[in-house]
Structures are given as C-alpha cells and as structure tokens.
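Inside the fold
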Amino acid sequence: METLRDILDAAARGVFPPSDGRTTVVPQVSDRDAGVLAFTAHAVVFTDEDPRWVYDTLAAVPCDALAAPMNPRFLAAFLDRTGRTAETIDAMLVGSPLPGEPPLPLKEITDGDHPRIVYARGRRDDMRAWTAEGGVLVLGRGIAGRLEVSVEVDEGVRHRGLGRALVTAARQLATEPLWAQVAPGNARSMRAFQAAGYRPVGSEALLIAR
C-alpha cells in the first residue's frame, strides 16, 4: 500500500496522484499529524479513522465532489471526529536542494526563544534554527517526516529581499526536497518562496492533536 511519505516523495519529483476526482485515504504516520492534501483533481486524507467514515462524510457534503475534501463542512466534521485543532488551509510548495553557500551570513542557534522557533517546536521534529541580521530560518521534520522550512523577517527590514534570501539559503542547507506551507493570503511570503524556486504542488489542511 502506498504510504503518505510515498505520495509526498513522488510529488516532490513532479509525479502526482491521478487526476481522477477521487480521494485516497492513508494512515497517519504519527499521532501528532492528521489532515488533507489536495492535488489536481485528487485528494489524500491521512488519518487513523475508519476510511468508510471519510468516504461517507465526503459523500454527504453538499458541493462538487472535487471540492469536498477541503470544504469547511468536511473539515469541521473531521475536527469534531478526531478532537483536533486546525489553523488554516495552506499552499504546499517544494524546492529541491541547491549547491553553493547561503547568500547571507547565518548563525546556527540551539536554544532560541523567537516566536517562529517556539511555534515550530510544536509542529516539527529534529529542528534546527539559524539567525541572520533581521531574520530567522527554521528547518525540521513535519508531516510524514518530510523536511519543512519556515522563516520570519523582522518588520523593520521587510521589503528588502531578506525573506527570499532566507528561503534560498534553506535550499542550500538541505540535502533532500524541502517543503513549505504558506497561507495563500500571505502574498508576500508566496512571492518570496516562488522567487526562490519553490514550486506550488497543492494545498493542505493540517489537523493538530490538542
């Protein structure tokens, strides 16, 4: 049986689930993370709930079947069923490793109290963090053990290309595909990641254990 990590690794290579309008249900990899990934005309629900419940609930959502997995009614039912919490539906982007040295000086830290670092500790394992003048870069293992990146730029130095430099540096620090979760409404962050060569591959709704 194809696992969630198999699906993500294939997507990082540009190989996606079939665009057949169906939903695939796979087990969770960890107790921490459940949720929904939406690719072109195919969704993946990762959960330890009974797949029959997933399919029956999707069938009862009053909307186009393609939209049902990300429909608020299904997500609300999913949250109620699992007792989990969620924040937003994110765009899912991926970048391949880059050769060379980061384009700005970075200092690795082991015990930071920056809000971005504190937030990441609750979402990822094997976390590493670096600071730059005016910014923070965090790498860690999130959904299904994939390598994920997040950055934060201080308000006073925004609009100067620091975000793009940080997410470019992340690709140079990585030795495997690097994933980013970006709220679609955060246009500034979306532009920075895309300018740094990250490719949008779908969307995701992450359900987090309380």
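Refer to the structure presented above.
Residues numbered from 1 in each chain as written. Predicted model: local features only at pLDDT ≥ 70, side-chain atom pairs only at ≥ 80, totals over all residues. Heavy atoms only, no water.

Here we look at unusual backbone geometry
Applied cut-off: The secondary structure listing takes helices from DSSP runs of H or I that are at least 4 residues long and strands from runs of E that are at least 2 residues long, numbered from the N terminus.
Positive phi is not limited to glycine here, since Asp126 has a value of about 50°. Counting through the fold element by element, Asp126 comes out in strand β6 (residues 125-132).

As for helix α1 (residues 4-12)
The criterion, for reference: Only protein chains enter the area calculation, which uses a 1.4 Å probe; residues under 20% of their type maximum are buried, those over 50% are exposed, and those in between are partly exposed.
Those residues of α1 not exposed but buried are Leu4, Ile7, Leu8, Ala10, Ala11 and Ala12. Once α1 ends, the next one or two residues include Gly14, with phi positive near 90°.

Here's the deal with the nonpolar core
Counted only if it meets this: We define a nonpolar core as any set of buried Ala, Val, Leu, Ile, Met, Phe, Trp, Tyr and Cys residues linked to one another through side-chain atoms lying within 4.5 Å. Whether two residues are in contact is decided by their heavy atoms: any pair within 4.5 Å suffices.
Grouped together as the largest cluster of nonpolar side chains are 25 residues, with contacts concentrated most on Leu137, Val149 and Tyr198. Of all the secondary structure elements, the ones that give two or more residues to this core are β4 (89-95), β6, β7 (135-141), β8 (147-153), α5 (162-173), β9 (178-182) and α6 (187-195). Top element by residues in this core is α5. It accounts for six residues. Ignoring any residue separated from it by four or fewer positions in sequence, one finds Leu137 in contact with Leu106, Arg128, Ala129, Trp130, Val149, Ser150, Val151, Leu166, Ala169, Ala170 and Leu173.

A short note on the packing of aromatic side chains
Rules: Pairing of aromatic rings covers Phe, Tyr and Trp, the last through its six-membered ring, and needs centres within 6.5 Å; plane angles under 30 degrees mean stacked, over 60 mean edge-to-face, and all others mean tilted. Note on criteria: charge over ring means Lys NZ or Arg CZ within 6 Å of the ring centre, with the direction from the centre no more than 35 degrees off the ring normal.
Counted under the stated rule, the structure contains five aromatic pairs. Feature note: the residues Trp53, Phe74 and Phe78 constitute an aromatic cluster, connected by ring pairs. Directly above the ring of Tyr198 sits Arg171, whose terminal nitrogen or CZ lies 5.9 Å from the centroid.

A short note on the sheet that holds β9
Inclusion rule: One requirement defines pairing of two strands: DSSP has to find at least two bridges between them. Convention adopted: a line fitted to C-alpha atoms gives each axis, helices being fitted over their contacting stretch, and angles between N-to-C directions are expressed from 0 to 180 degrees.
Read from one edge of the open sheet, 10 strands run β1-β3-β2-β10-β4-β9-β8-β7-β6-β5, paired in mixed fashion. Each edge of the open sheet is held by one strand with a lone partner, namely β1 (22-26) and β5 (107-109). Going across the sheet, the axis of each strand differs from the next one's by a mean of 30°, ignoring polarity. Where β8 lies against β9, two bridges are found, and the strand directions are parallel.

Re the pattern of salt bridges
For clarity, the cut-off: A side-chain nitrogen of Lys or Arg and a carboxyl oxygen of Asp or Glu constitute a salt bridge if their distance falls within 4 Å.
The full count for this structure, using the stated rule, is 12 salt bridges. Arg32 is the salt-bridge partner of Asp125, the closest N and O atoms lying 3.2 Å from each other. With Asp125 in strand β6 and Arg32 in the loop between β1 and β2 (33-39), the pair connects residues that are 93 residues apart, well separated along the chain. Arg32 gets classed as buried once you look at its relative accessible area, which sits at 18%. For Arg52, the salt bridge is made with Asp50, and the minimal N-O distance between the two is 2.8 Å.

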